Protein chains: 2
Amino acid sequence: MNRRPGIKDVAASAGVSIKTVSRVVNAEEAVHPETRARVLHAIQQLGYVPNTAARSLKSGTGGAIGVVIDSLADPFFAALVSAIETRALNEGLSVLVASSSLDPDREREQLLSLVAGHQVAGVIFAPVASEHPYLAPYRTTTPVVAVDRSRAGYDSVVVDDRGAAALAVQQLVDLGHERIAFFDRDERFSTIHRRLSGYLDVLQGAGIEFDPELVSSTVDGDLDYLGEARRLLGLANPATAFFASNAKAAIGLTTALHRIHRQDTAMIAFGDFSFADVLRPGVSCIDQDPFLIGNAAIERLLALREESSGEPREWIVPTALLQRGSGEITGPLAGGSATAPAPASAASTSAAVPAASTPAAVPAASAASTHPAPSARLAEGDVA
Amino acid sequence: MNRRPGIKDVAASAGVSIKTVSRVVNAEEAVHPETRARVLHAIQQLGYVPNTAARSLKSGTGGAIGVVIDSLADPFFAALVSAIETRALNEGLSVLVASSSLDPDREREQLLSLVAGHQVAGVIFAPVASEHPYLAPYRTTTPVVAVDRSRAGYDSVVVDDRGAAALAVQQLVDLGHERIAFFDRDERFSTIHRRLSGYLDVLQGAGIEFDPELVSSTVDGDLDYLGEARRLLGLANPATAFFASNAKAAIGLTTALHRIHRQDTAMIAFGDFSFADVLRPGVSCIDQDPFLIGNAAIERLLALREESSGEPREWIVPTALLQRGSGEITGPLAGGSATAPAPASAASTSAAVPAASTPAAVPAASAASTHPAPSARLAEGDVA
DNA sequence: ACTCGCGGCGACAACGTTGTCAAGCAGTCG
DNA sequence: CGACTGCTTGACAACGTTGTCGCCGCGAGT
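Residues numbered from 1 in each chain as written. Chains lettered and ligands numbered in written order. Predicted model: local features only at pLDDT ≥ 70, side-chain atom pairs only at ≥ 80, totals over all residues. Heavy atoms only, no water.

As annotated in an unreviewed UniProt entry, chain A is LacI family transcriptional regulator from Herbiconiux gentiana.

### Structural notes on the overall build of chain A
Which entries qualify depends on this criterion: Secondary structure follows DSSP: runs of H or I at least 4 residues long count as helices, runs of E at least 2 residues long count as strands, and numbering of each begins at the N terminus. Remark: exposure states derive from per-residue accessible area (1.4 Å probe, protein chains only) relative to the maximum for the residue type, with buried under 20%, exposed over 50%, and partly exposed in between. Pairs of residues are marked as contacts when any of their non-hydrogen atoms sit within 4.5 Å. In this description, accessible areas are obtained by the Shrake-Rupley approach with a 1.4 Å probe, and a residue is regarded as covered only by the protein chains that are shown.
The number of helices and strands found in chain A is 13 helices and twelve strands. For chain A, the proportion of its 384 residues judged to be buried stands at 57%. In chain A, 66% of the contacts between residues at least 6 apart in sequence involve partners at least 24 apart. Per element, the accessible surface of chain A, about 15,800 Å² overall, is 53% carbon and sulfur.

### Quick word on the environment of Gly92 of chain A
In this fold, Gly92 of chain A is placed in the loop between α5 (75–90) and β2 (94–99). Spatially, the C-alpha atom of Gly92 of chain A lies 7.4 Å from that of Gly63 of chain A, the residues being 29 residues apart in sequence.

### Topic: the sheet that holds strand β7 (residues 215–218) of chain B
What holds strands together in a sheet is hydrogen bonding between their backbones, with the strands either parallel or antiparallel. All names here are of chain B. For clarity, the threshold we go by: In short, DSSP must find at least two bridges between two strands for them to pair. Note on geometry: axes are C-alpha line fits, over the in-contact stretch for helices, and angles between N-to-C directions span 0 to 180 degrees.
Across the sheet, which stays open at both edges, the six strands sit in the order β7-β6-β8-β9-β10-β12 with mixed pairing between neighbours. Edge positions in the open sheet fall to β7 and β12 (320–322), since each of these has one partner strand only. Taken over all neighbouring pairs, the strand axes of this sheet differ in orientation by 15 degrees on average, direction set aside. Bridge count between strand β9 (residues 266–270) and strand β10 (residues 284–287): three bridges; the pairing is parallel. For Phe270, the partnering residue across the bridge sits in β10 and is Ile286. Lying over the sheet, helix α7 (residues 161–174) contacts β6 (180–186), β8 (241–244), β9, β10 and β12, oriented at roughly 170 degrees with respect to β9. Packing of helix α8 (residues 190–206) onto the sheet brings it into contact with β6, β8 and β9, and relative to β6 it is tilted by some 160 degrees.

### Notes on the protein's contact with DNA strand C
Spelled out, the test is: To be near a molecule or strand, a residue needs just one of its heavy atoms within 4 Å of it. For this scheme, ten residues count as nonpolar: Ala, Val, Leu, Ile, Met, Phe, Trp, Tyr, Cys and Pro. Four count as charged, namely Asp, Glu, Lys and Arg, and the remainder, Gly too, count as polar.
In the vicinity of DNA strand C there are 23 residues, among which Ile7 and Tyr48 of chain A together with Thr20, His32 and Thr35 of chain B approach most closely. Within 4 Å of the protein, atoms of DNA strand C come from sugar and phosphate in 55% of cases. Of all the secondary-structure elements, those providing two or more residues to the surface near DNA strand C are α2 (18–25) and α4 (52–59) of chain A together with α2 (18–25) and α4 (52–59) of chain B. Examining the composition of the surface near DNA strand C, we find that four residues originate from one element, α4 of chain A, more than from any other. Residue composition of the surface near DNA strand C, grouped by class: nine nonpolar, eight polar and six charged.

### Side note on the protein's contact with DNA strand D
Note the cut-off: We call two N or O atoms a polar contact when they sit within 3.5 Å, provided that within protein one can donate a hydrogen and the other can accept it, with sequence-adjacent residues counted only if both atoms are side-chain atoms.
As a structural note, the neighbourhood of DNA strand D is formed by 23 residues, with Thr20, Arg23 and Thr35 of chain A together with Ile7 and Tyr48 of chain B the closest of them. Considering the 4 Å shell around the protein, atoms of DNA strand D inside it are sugar or phosphate in 56% of instances. In the environment of DNA strand D, a base nitrogen lies 2.7 Å from a nitrogen or oxygen atom belonging to the side chain of Arg23 of chain A. Here Lys58 of chain A contributes a side-chain N or O atom positioned 3.5 Å from a base nitrogen of DNA strand D. For the surface near DNA strand D, the elements supplying multiple residues, two or more each, are α2 and α4 of chain A together with α2 and α4 of chain B. Residues of the surface near DNA strand D, tallied by class, amount to nine nonpolar, eight polar and six charged.

### Re the pairing of strand β5 (residues 155–159) of chain B
Residue and element names in this part refer to chain B. Judged by how many residues are buried, β5 sits mostly within the fold: five of five residues are covered. Relative to β5, strand β4 (residues 144–147) runs parallel, the two being bridged by three bridges. From the neighbouring strand, Val147 faces β5, where its bridge partner is Val157.

### Focus: the pattern of salt bridges
Basically, it comes down to this: Note on definitions: salt bridges are taken to be side-chain nitrogens of Lys or Arg within 4 Å of carboxyl oxygens of Asp or Glu.
A full pass over the atoms with the stated rule returns 26 salt bridges over all chains. For Glu85 of chain B, the salt bridge is made with Arg106 of chain A, and the minimal N-O distance between the two is 3.7 Å. Highlighted residues: Glu85 of chain B in helix α5 (residues 75–90) and Arg106 of chain A in helix α6 (residues 104–117), drawn from two different chains. With respect to class, Glu85 of chain B is no different from Arg106 of chain A; both count as buried. We note a salt bridge from Arg185 of chain A to Glu187 of chain A, for which the minimum N-O separation is 2.7 Å. Accessibility expressed as a relative area gives 52% for Glu187 of chain A, which makes it exposed. When salt bridges that share partners are traced, they join Asp70, Asp148 and Arg149 of chain A into one network.

### Quick look at the sheet that holds strand β9 (residues 266–270) of chain A
All names here are of chain A. With mixed pairing, six strands are arranged side by side in an open sheet as β7-β6-β8-β9-β10-β12. Looking at the sheet topology across the chains shown, the edges are occupied by β7 (215–218) and β12 (320–322). Sheet twist, expressed as the mean angle between neighbouring strand axes with direction ignored, is 15 degrees.

### Re unusual backbone geometry
Residue His261 of chain A is not a glycine yet carries a positive backbone phi of 55 degrees. With respect to the helices and strands, the residue His261 of chain A is situated in the loop between α10 (247–259) and β9. Given a relative accessible area of 62%, His261 of chain A falls into the exposed group. The phi dihedral of Leu102 of chain B is positive, around 65 degrees, even though this residue is not glycine. With respect to the helices, strands and loops of the structure, Leu102 of chain B is situated in the loop between β2 (94–99) and α6 (104–117). Judged by relative accessible area, Leu102 of chain B falls into the partly exposed class, the value being 31%.

### A look at the packing of aromatic side chains
Any pair of aromatic rings gets described here by the distance separating the centres and the angle formed by the planes. Applicable threshold: Between rings of Phe, Tyr and Trp, where Trp is taken as its six-membered ring, a pair exists when centres lie within 6.5 Å; planes separated by under 30 degrees are stacked, by over 60 edge-to-face, and by other angles tilted.
If you walk through the whole model with that rule in mind, you get 14 aromatic pairs over all chains. Taken together, a centroid distance of 5.2 Å and an interplanar angle of 80 degrees make the contact between Phe76 of chain B and Phe77 of chain B edge-to-face. Exposure class is identical for Phe76 of chain B and Phe77 of chain B. Each is buried. Taking the centre distance of 6.4 Å and the plane angle of 85 degrees together, the rings of Tyr199 of chain B and Phe210 of chain B count as edge-to-face. One end of the pair, Tyr199 of chain B, is in helix α8; the other, Phe210 of chain B, is in the loop between α8 and β7, with eleven residues separating them in the sequence. Since its relative accessible area comes to 1%, Tyr199 of chain B is described here as buried. Three or more aromatic residues joined by ring pairs form one cluster here, namely Phe182, Tyr199, Phe210 and Phe243 of chain A.

### Some words on the pairing of β2 of chain B
Burial of β2 of chain B is extensive: six of the six residues sit out of reach of the surface. Here β2 of chain B shows no split at all, with Ser94, Leu96 and Ala98 of chain B on one side and Val95, Val97 and Ser99 of chain B on the other all buried. As paired strands, β2 of chain A and β2 of chain B are joined by three bridges and run antiparallel to one another. Counterpart to Val95 of chain A in the pairing with β2 of chain B is Val97 of chain B.

### Quick notes on the packing of α5 of chain A against helix α11 (residues 290–306) of chain A
All names here are of chain A. We count it as follows: Here the angle decides the label: under 35 degrees means roughly parallel, over 145 means roughly antiparallel, 65 to 115 means roughly perpendicular, and every other value means oblique. When the near helix sits turned anticlockwise from the far one by under a right angle, the crossing is termed left-handed; a clockwise turn instead gives a right-handed crossing.
Between α5 and α11, the shortest axis-to-axis distance is 8 Å and the interhelical angle comes to 45 degrees. Between α5 and α11, the angle falls in the class oblique. The hand of the α5/α11 crossing is right-handed. Taken together, the residues of α11 that come into contact with α5 (itself represented by Phe76, Ala79, Leu80, Ser82, Ala83, Ile84, Arg87 and Ala88) are Pro290, Phe291, Ile293, Gly294, Asn295, Ile298, Glu299 and Leu302.

Printed below as a string of structure tokens:
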């Protein structure tokens, strides 16, 4: 009925000054144990909870971190945010989520709202625009980490797209395929562009001539999966295998292939998806574990709060190739990311960052145990 | 380099008092158009963004709403939060997410942090504990809406579990099945208990005797799907059809059935999941659209901010039964929730709330267009 | 001419917390 | 015995914003 208890009420109840209460709440040293006990008792009794708004008004930086991702409806990003939230809770931080919908204007609006409006203690974002000059005034006080897509000037947590894609395509080549379709090239995403590079790397290495007809392209937004699948299989020299450049494409393609009863083709997907191991034939996947990535990102952000280190750099999170050969069903994790941190990826792309991926992987591993395994993602507690 | 611009800087730059700037920012009436223009210009030039912390300190209630759900790694809840976030953005509100991990203590911690600490403008939560007495002091100022699981004393947005389950089981009965397994009874969830009621309703209505052996039970946490599937199919009088009480069970069961090559059984699942229409045979699903539910919840919350209406009540969101008969593959939405809002559900359970589900469905429908269709959930932009 | 009303605007306090500074108080050392 | 030290505590300002109140000037009514 009365208004919510404030620090003053606690102080009065404990017979001390508000400053002493503040000291107790913030676990400062110089408080007599007996006084501390009295204060804690009063806090308990009144159900006092410190006011975050006043705190961040005073300190200039608040008790939440901001996360801006494409969409929470995307399970990859949802899982990523989940990992972030779990870790943030340990630090006593809350998570403000905002989605960009891949719209640079909305991205700007959301970022400014978080950084300037809510004065978040840090930001993790999946960048959309190529530059974010409006963040400049805040970067001295607010650490920022890019995730999933790297940006110059920001610490970026990404996977080795090019290397992992190469690993996958190599696998198809090793199986004897020479007509490998690159399914769904979407120019909007730099990640996909890098995966295409990996694809081309392997073709060149194997002496296979690149055929542009084997590339499906999303122009802006939608692709007719069924039509594209028919086209690729109907070429004079048809595709015999598919490299699906992202999970969305993989799902669309799988559905299309099932619909036209062409399950005689090989396929590897970038991005794991549930049921990849139930389908016939099983679809091998490059698993980019969102929990690993999310953990690495927040770990990086927390480190940045301590000491805003020198040059921003790219932090590469290992991927795993989940083998699901014809008919044979392998366990979802088959050893897990710990045993299969894509060593071959080092063979292809840019900076391998040993000092980076190792410490990042340690806390990530602990989080993995509290979360569903990647391929069991959809399976978690969806009793809703 | 300088500190971030405050209202004072804007006032100085525009040659007015800070109060006038405040008036302009808050779109109050009594400001001369010319003055307003000057102020807006200054705001623009300085890149001023109002400080949320100060605002909520003054007003006692902040610019964010809190959402507490089981886990963001669960796609159902992730999509639900996504719907909430989209709508909240329209109102100029941010979203603070927190997960309960189904732990009542953690739920309490998270709720208090949001309500008392962050002074959110409202809370939407999937309740875990059966009671939340600690929320009482805040309920006069902070509206609260329960979602997915209903709680007395709170406006609750749920689906008609009992009715929808009955609809599904009836379908199996109509196909001639008499040995229908209830797969995964989990006592922790009241939703599942209600679904079991629907199951029993139909059996009784059809004159089929209930056989406890046909019920699989999760004791606490894990269930051996493969073992249970074998048991049910190995009974003296074996199961010929399955009602999967939730998406997790459906996925586990599907995987198990595929693994032992028993795709000759019928199955209907509560909760849609991607690939339900690709599997052979197709799995019919009761689709509880998280976007619909999320929209209804935030709509309810916003309404509660206006006028804290009288009695809290239950708001029932319609479900759709997605038919995916044997072999025949139906389009994922096949008309969508608009055309199949489970009319039969009215035949079974508690309060049908016409005034409720109708206005809730209107804004929900608009959001559905900006989001992927339910069954395409996994398919959205997962290019990460 | 004097007053009244009103549109436009500003001075000031207050929100709940923490940082700064200094005071009180005992024990210790010279 | 006085000064000094270290520990504990409190008074007060400040963070950026909005609510309250009142001032100013102008046109209309008396």
